[in-house]
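# Remarks on the overall topology
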Amino acid sequence: GNVTAAKMGAGSVNVTAATVTGTLPIAKGGLNTASYGSAYQALYSDGSNPQYSNHGIYGMQVFTGSGTWTRPTNVRYIKVQVQGGAGGGSGHGEGGGAGGYSERILDVTGISSVSVYVGGGGSGTYYSNAGGNGDYASFGPYCSAGYGHGANRQNQYSGGVSGAGSGGNLNLHMGGGLSHHAYSAQSCADTFFGGGAPSSHPQGGHFAHNHQGHSAPGSGGAGAHYHGHRGSDGRPGLVIVTMYY
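Everything in this summary refers to the structure shown in the same document.

## Observations regarding unusual backbone geometry
One non-glycine residue with positive phi stands out, namely asparagine 74, at about 75 degrees. Relative to the helices and strands, asparagine 74 resides in the loop between strand E4 (67-70) and strand E5 (77-83). The phi angle at histidine 92 is positive, at roughly 55 degrees, despite the residue not being glycine. Checked against the element boundaries, histidine 92 lands in the loop between E5 and strand E6 (101-107).

Rendered as structure tokens:
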């Protein structure tokens, strides 16, 4: 019959010793396992049985140029950030527009690899000329970011229009370039990742162009101070892939 408390003496069952064998099945409320996973693994359900697995962030891969992302073993989700290339600045303060920005969360359990394209920035130029347009960036067919336009492209003496993101859960325009005599396009052609090149002064000559590398990915080229000075190039794009178990 049933074993009740009245039929068991005090201390008759020692739960600190290996007095019980086997594992309790799931049907009886157990986990059907007698072992633990590796250190720092989490217990989860695969829909049929409990499993131990790694969890959290696996790592990050940054693409400053085109390439291929390959899914590591056990990575399930990724967050992709795509920044397009920017337009170049012109003379007398006319700045290039920043590249667009897109961000997306993807379940990659059925994806083995994705082609990544990272476009460059447009060339800076001199007064009254149009700065070069930037180039787009993309993460396969999943999300992309358009290029920023060079200064004077849409209208003479005006800054370039920014690009836009597409395909992501979040798609944004970034900063546009400032206009004639603004002299500080870097303060307006910013991106998600930061600001543009330093502004110029006649004493500095090609200052903005010479120091264009001191600026954030995808930020628009800063306009030069005078017509004889060259605006800075727009900054290249960027793709960041953060991977999760």
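## Some details on the layout of surface pockets
Put simply, the largest pocket is a space of about 200 Å³. Taken together, Ala42, Tyr44, Ser45, Ser53, Asn54, His55, Asn74, Arg76 and Tyr245 make up the full set of residues lining the largest pocket. Along the lines of polarity and charge, the residues of the lining of the largest pocket split into 3 nonpolar, 5 polar and 1 charged.

## Looking at the pairing of strand E12 (residues 238-244)
In terms of residue burial, E12 counts as a mostly covered element, since 6 of its 7 residues are buried. Relative to E12, strand E3 (residues 57-63) runs antiparallel, the two being bridged by 6 bridges. Counterpart to isoleucine 57 in the pairing with E12 is tyrosine 244. Where E5 lies against E12, 7 bridges are found, and the strand directions are antiparallel. When the sheet's bridge partners are listed, lysine 79 is paired in E12 with threonine 242.

## A word on the sheet that holds strand E10 (residues 165-166)
Ordered in space as E4-E7-E8-E9-E10, the 5 strands form an open sheet in which the pairing is antiparallel. The open sheet has two edge strands, E4 and E10, and neither has a second partner. One ladder, built from 3 bridges, connects strand E8 (residues 137-139) with strand E9 (residues 143-145); its direction is antiparallel. Note that in E9 the partner of serine 138 across the bridge is serine 144.

Rules and cut-offs
Residues numbered from 1 in each chain as written. Predicted model: local features only at pLDDT ≥ 70, side-chain atom pairs only at ≥ 80, totals over all residues. Heavy atoms only, no water. Helix = DSSP H or I, 4+ residues; strand = E, 2+ residues; numbered from the N terminus. 1 Å grid on protein atoms, 1.4 Å probe; cavity = no way out; pocket = protein on both sides within 12 Å on 5 of 7 lines; lining within 4 Å. Points joined across faces, edges and corners; volume = space filled by probe spheres on them. Nonpolar A, V, L, I, M, F, W, Y, C, P; charged D, E, K, R; others polar. Buried < 20%, exposed > 50% of the residue type's maximum accessible area, 1.4 Å probe, protein only. Pairing = 2+ DSSP bridges.

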